[in-house]
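# Architecture and fold: a report
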Amino acid sequence: MSNRSITLTDSLYDYMNEVSLREPLLLLALREETSELTQRSMQIAPEQGQFMALVARLIGARRCLEVGVFTGYSSLATALALPDDGRIVACDVSEEWTSVARRYWKRAGVEHKIDLRLAPATRTLDALLAQLPGQLAVHFVQRVTQRVVIGLDDRQPLVPLEAQRIEQRTRYDLEML
């Protein structure tokens, strides 16, 4: 139904998800809806969403950045893990795909946590650097087939992420703290 974050045999992958995946029903519904789209390969795997939520909880994230929203699975998973005063700045250029995300954010009651900015990410990032230096705890950058999660604490400055640097960082399919 969705992409896998790691390569395993079907039986081992099914077992891993059976014993470890705790996917809320709303995330499952979003994943199922997204699986019907021809662009479904942009959807993250459910275990990746669960991992992102875990990272957000472990580091006590309150401010997050997502570049590339698509239908909103990763932003929804993260928003559900944030405290009520937590915020995500979500960057995308597609009104079509983010309209799906907005529907699910509203159903989950987390729309107040997500600041969707429909503009090229470089423009949004430049504005954020001026407004919120060193204030974002988790960064999520998504491209069509590659994703990066970088956990930072609030003391580290947010480094300017021009399009070229985003491209360089997303060449790797990695998750790191």
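Just above sits the structure.
Residues numbered from 1 in each chain as written. Predicted model: local features only at pLDDT ≥ 70, side-chain atom pairs only at ≥ 80, totals over all residues. Heavy atoms only, no water.

## Observations concerning the pairing of strand β2 (residues 87-92)
The buried fraction of β2 is high, at five of six residues. The sheet contact formed by strand β1 (residues 63-67) and β2 spans five bridges and is parallel. By the bridge assignment, L65 is partnered in β2 with V89. A crossover connection joins β1 to the parallel β2 through helix α4 (residues 73-81); in handedness this β-α-β unit is right-handed. Judged from the five bridges that link them, β2 and strand β3 (residues 114-118) form a sheet pairing that is parallel. (Buried < 20%, exposed > 50% of the residue type's maximum accessible area, 1.4 Å probe, protein only. Helix = DSSP H or I, 4+ residues; strand = E, 2+ residues; numbered from the N terminus. Pairing = 2+ DSSP bridges. Right-handed = clockwise from strand over helix to strand, strands pointing away.)

## A few points about helix α6 (residues 121-131)
Residues of α6 that are buried: A121, T124, L125 and L128. End-on view of α6: buried residues confined to an arc of 100°, all on one side of the axis. Across from the buried face of α6, at angles greater than 90 degrees, the exposed residues are R123, D126 and A130. (Arc of directions from axis to C-beta.)

## A word on the nonpolar core
Counting residues in each nonpolar core, the largest one holds 25 residues, and the members touching the most others are L76, I88, W105 and I114. Counting only elements with at least two residues in this core, the list comes to α2 (25-35), α3 (46-58), α4, β2, α5 (95-108) and β3. Looking at this core, the element that brings in the most residues is α4, giving five residues. Discounting chain neighbours no more than four positions away, the residues touching L76 are L26, L27, L30, Y104, W105, A108 and V110. (Core = buried A, V, L, I, M, F, W, Y, C linked by side-chain atoms within 4.5 Å. Contact = heavy atoms within 4.5 Å.)

## With respect to the environment of G109
Here G109 is to be found in the loop between α5 and β3. Given the relative accessible area of 42%, G109 is considered partly exposed. Between the C-alpha atom of G109 and that of L76, which follows or precedes it by 33 residues, the distance is 9.9 Å.

## Looking at a nonpolar patch on the surface
Together, L12, Y15 and V19 give the surface a local cluster of nonpolar side chains, amounting to about 290 Å² of exposed area. Mapped onto the fold, L12 is located in helix α1 (residues 10-20). Taking relative accessible area as the criterion, L12 reaches 43% and is therefore assigned partly exposed. (Patch = residues over 30% accessible without salt bridge, like charges linked within 9 Å, V, L, I, M, F, W, Y side chains within 5 Å. Areas by Shrake-Rupley, 256 points an atom, 1.4 Å probe, with all protein chains shown as cover. Salt bridge = Lys/Arg side-chain N within 4 Å of Asp/Glu carboxyl O.)

## Brief notes about unusual backbone geometry
Even without being glycine, F70 reaches a positive phi, approximately 55°. Given a relative accessible area of 4%, F70 falls into the buried group.

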